[in-house]
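Commentary on secondary and tertiary structure
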Amino acid sequence: MILYPAIDLKNGQCVRLEQGDMARATVFNLNPASQAQSFAAQGFEYLHVVDLDGAFAGKPVNAEAVEAMLKTIKIPVQLGGGIRDLATVEAWLDKGITRVIIGTAAVRDPELVKSAAKTFPGRVAVGLDARDGKVAVEGWAETSQVTALEIAKRFEDAGVAAIIFTDIARDGLLKGLNLEATIALADAISIPVIASGGLASIEDVKAMLTPRAKKLAGAIAGRALYDGRLDPAAALTLIRDARRS
């Protein structure tokens, strides 16, 4: 189980949204590179970054901020937002991103995911963000008619490294992870699943470490880390102890 601290980028700043609404953004740090450094210093092993403007624009927008982060930290980074073609996938991997996350294009252009995963084994994840069970696209501005499970099944044998499953209704609201839906998805597919949206406290981390959640590969923590509800040291100690046992 890996706990991924999240950095969401809007206008070059580190923000958190509520339910994916760009109008409900709270700025937490004007300098994303210093935020990345802080997470690395706290002992996190892997960083989760989203270019929010890129997700809406359909192409990278906050590249400067991402590149500044890559220069300041040594831990691996997974990046999503505006990655809609193979050239963008390749460009980010060349710049030092460890894993790219394809969201909208996974719904609109499944062949892109398959060809990217084949070309770059282990370095392509799929982001599935669900609203009432249906996957949302274009920075969550539109809801499709397909379920997360239907899309995940398309990539069963494609070599996708992970599925990042977000419950939009909970995202940024600190209501706790939707473990029921996330575990159900993980149980139905062979691709590792990472839980996202609503992680609120150490109780969520404990729940991720119970036997019923054993198929989950990790969780993403955002607002709970920024406003102090989740103590990074306590969370990482729990995870380390669970690995040892």
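Now for a look at the structure at hand. Computed from a predicted model, the values in this text were never measured in an experiment. (Residues numbered from 1 in each chain as written. Predicted model: local features only at pLDDT ≥ 70, side-chain atom pairs only at ≥ 80, totals over all residues. Heavy atoms only, no water.)

Next up on the list: the pattern of salt bridges. Taken as a whole and judged by the stated rule, the model has 11 salt bridges. For R16, the salt bridge is made with D8, and the minimal N-O distance between the two is 2.9 Å. Residue class for D8 comes out buried when judged on its relative accessible area of 8%. Among the salt bridges present, the one from R108 reaches E142, with a minimum N-O distance of 2.9 Å. With a gap of 34 residues between them, R108 in helix α5 (residues 104-108) and E142 in strand β9 (residues 142-147) connect regions that are remote in the sequence. (Salt bridge = Lys/Arg side-chain N within 4 Å of Asp/Glu carboxyl O. Buried < 20%, exposed > 50% of the residue type's maximum accessible area, 1.4 Å probe, protein only. Helix = DSSP H or I, 4+ residues; strand = E, 2+ residues; numbered from the N terminus.)

For the rest of this paragraph, the subject is the nonpolar core. Within the largest apolar cluster, 74 residues are counted, with the highest numbers of intra-cluster contacts made by I7, L47 and I102. Examining the composition of this core, we find that five residues originate from one element, helix α3 (residues 63-72), more than from any other. Discounting chain neighbours no more than four positions away, the residues touching I102 are I83, V89, L112, V113, A116, V124, A125, V126 and G127. Of all hydrophobic cores here, the second largest spans nine residues; its members include A6, A162, I164 and I194. (Core = buried A, V, L, I, M, F, W, Y, C linked by side-chain atoms within 4.5 Å. Contact = heavy atoms within 4.5 Å.)

Here the focus is the layout of surface pockets. In this structure, the largest pocket encloses a volume near 150 Å³. Taken together, M1, M208, L209, T210, A213, K214, L216, I239, A242 and R243 form the lining of the largest pocket. At three residues, helix α11 (residues 232-244) tops the list of elements feeding residues into the lining of the largest pocket. (1 Å grid on protein atoms, 1.4 Å probe; cavity = no way out; pocket = protein on both sides within 12 Å on 5 of 7 lines; lining within 4 Å. Points joined across faces, edges and corners; volume = space filled by probe spheres on them.)

So, on to the environment of C14. Within the secondary structure layout, C14 lies in strand β2 (residues 13-18). Each C-alpha atom of the pair C14 and V49 lies 9.7 Å from the other, and the pair is 35 residues apart in sequence.

For the rest of this paragraph, the subject is unusual backbone geometry. For Q19, which is not glycine, the phi dihedral falls at a positive 50°. Relative to the assigned elements, Q19 resides in the loop between β2 and β3 (21-29). Classification of Q19 as partly exposed rests on a relative accessible area of 29%. Positive phi, close to 50°, is recorded for D132, a residue that is not glycine. Given a relative accessible area of 78%, D132 falls into the exposed group.

On to empty space enclosed by the protein. Taken as a whole and assessed by the stated rule, the structure comprises one cavity of 30 Å³ or more. Approximately 580 Å³ is the volume attributed to the largest cavity. Every residue lining the largest cavity is counted, 42 residues in all, and those nearest its centre are H48, V50, D129, W140 and T166. The element that contributes the greatest number of residues to the lining of the largest cavity is helix α2 (residues 52-57), accounting for three residues. Tallied by class, the residues present in the lining of the largest cavity amount to 20 nonpolar, 15 polar and seven charged. (Nonpolar A, V, L, I, M, F, W, Y, C, P; charged D, E, K, R; others polar.)

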